[in-house]
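Understanding the architecture of this molecule
Listed here are the chains, written in short residue letters.
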Amino acid sequence: VKRITTHTLQKMKQQGEKISMLTAYDYSFARIFDAAGMDVILVGDSASNVMAGHETTLPITLDHMIYHASSVIRGANRCLVVVDLPFGSYQSNSDIALASAIRIMKETGAHAIKIEGGEEILDSVRRIISAGVPVMAHLGLTPQSIYKFGTYSVRAREEAEAEKLKKDALLLQEAGCFAVVLEKIPATLAKEVSESLTIPTIGIGAGPHCDGQVLVMHDMLGINTEFKPRFLRKYLNLHEQITQAAQQYIKDVRSNDFPSMAESY
Ligand code: KIV
Ligand code: NA
């Protein structure tokens, strides 16, 4: 099988082919998504929410991300695997940012890292890329800054924030990022950014004009029932199906229906 690289994604944008990206945090799901033909698997710091049950992405550590990423890598034969730099692993200075990126690449075998922010993190982005590590940027609603924003609502509706986002996107492209995630911004702004950049944009809640789309696997599989923003399309209702399976199993154990003699030795 031919491995998807950052160059493949660049070519896809040039040819107008949309990029599919989904999160995964373990071997088994990574294997399914990879075999299904996904282009990119993101080991997101959303693991903090969906795997660990935290309210925000802030508590997850670099060691946790490395554990998830090394599991995902063992299931991904074809996909490009991108790993989030978690909160606290890059903000202090570019030495720390570079050291964190190197740990991810060395200890997991992943192919690229993702980092939240624009101009503020440009030095770190440049140094990580100089070290040979591909960087995916992330603008708009950057969940590690939730306490600055105060809400998970749509970003960059106002002119000033939209202008900063457009400027940041260009700076990140010039610094050498291979793609940029645009989270929860108006579709018109995402369209403008996607058209002005030569690198692909990957949207989540950013409308249909991005060069690719990303969702959190637990959300699109309907494992979460409480989280239902407008941008989320649910492809399964796993919460209901898993509940039914668990209840049937409980019933079968209690009634002595399971196991049967055919299921015994
Ligand atoms: O952590 C994550 O899952 C993400 C995507 C939502 C882009 O950063
Ligand atoms: Na993330």
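In this text the structure is predicted, and so the values were computed from the model without any measurement.

1. Some details on unusual backbone geometry
At the junction of Phe258 and Pro259, the peptide bond is cis and its omega measures out at 0 degrees in the coordinates. Assignment of secondary structure puts Pro259 in the segment after α11 (238–254). Despite not being glycine, Ala156 has its phi angle at roughly 60 degrees, a positive value. Mapping Ala156 onto the fold places it in the loop between α7 (146–149) and α8 (159–175). A tally of 23 C-beta atoms within 10 Å means that Ala156 is categorised as buried.

2. Things to note about the sheet that holds strand β8 (residues 212–215)
Judged by pairing direction, the barrel is parallel, and its eight strands sit side by side in the order β1-β2-β3-β4-β5-β6-β7-β8 before closing back on the first. Averaged over all neighbouring strand pairs, the angle between strand axes comes to 25 degrees, with direction disregarded. Bridging between strand β5 (residues 135–140) and strand β6 (residues 179–183) involves five bridges; their strand directions are parallel. Across the sheet, residue Met136 finds its bridge partner in β6, namely Ala179. Contacts between α8 and the sheet are confined to β5 and β6, with β5 contributing the most and set at about 175 degrees to the helix.

3. A closer look at the pairing of β6
Among the five residues that make up β6, five are buried, leaving the element largely enclosed by the rest of the structure. By the alternation rule, side chains of β6 split into Ala179, Val181 and Glu183 and Val180 and Leu182, which are all buried. Pairing of β6 with strand β7 (residues 201–204), which is carried by four bridges, proceeds in the parallel orientation. Bridge pairing links Val180 to Thr201 in β7. Note that the unit made of β6, helix α9 (residues 187–196) and β7 has a crossover that is right-handed.

4. What to know about the environment of Ala179
Relative to the helices and strands, Ala179 resides in strand β6. Between the C-alpha atoms of Ala179 and His138, which are 41 residues apart in sequence, the distance is 8.6 Å.

5. Side note on the site of ligand 1
As a structural note, the neighbourhood of ligand 1 is formed by Thr23, Leu42, Gly44, Asp45, Ser46, Asp84, Val181, Glu183, Ile204, Val214 and Val216. For the shell around ligand 1, the residue count by class is five nonpolar, three polar and three charged.

6. Structural notes on the nonpolar core
Ile41, Val81, Cys177 and Val180 are the most contacted members of the largest nonpolar core, which totals 69 residues. Setting aside anything within four residues of it in sequence, one finds Ile41 in contact with Leu22, Ala24, Ala30, Phe33, Asp34, Val72, Ala76, Cys79 and Val81.

7. A few points about the UniProt feature "active site" (unreviewed entry) in the chain
In the UniProt entry, the feature "active site" (unreviewed entry) is given for Glu183. Within the secondary structure, Glu183 sits in strand β6. Discounting residues that sit within four places of it in the chain, Glu183 has contacts with His138, Gly140, Leu141, Thr142, Ile204, Gly205 and Ala206.

Scoring rules and cut-offs
- Residues numbered from 1 in each chain as written.
- Chains lettered and ligands numbered in written order.
- Predicted model: local features only at pLDDT ≥ 70, side-chain atom pairs only at ≥ 80, totals over all residues.
- Helix = DSSP H or I, 4+ residues; strand = E, 2+ residues; numbered from the N terminus.
- Buried ≥ 20, exposed ≤ 12 C-beta atoms within 10 Å, placed from the backbone.
- Pairing = 2+ DSSP bridges.
- Axes fitted to C-alpha atoms, helices over the stretch in contact; angles between N-to-C directions.
- Contact = placed C-beta atoms within 7 Å.
- Right-handed = clockwise from strand over helix to strand, strands pointing away.
- Near = placed C-beta within 6 Å.
- Nonpolar A, V, L, I, M, F, W, Y, C, P; charged D, E, K, R; others polar.
- Core = buried A, V, L, I, M, F, W, Y, C linked by C-beta atoms within 7 Å.
- UniProt positions renumbered as here; feature names shortened; annotations may be inferred.

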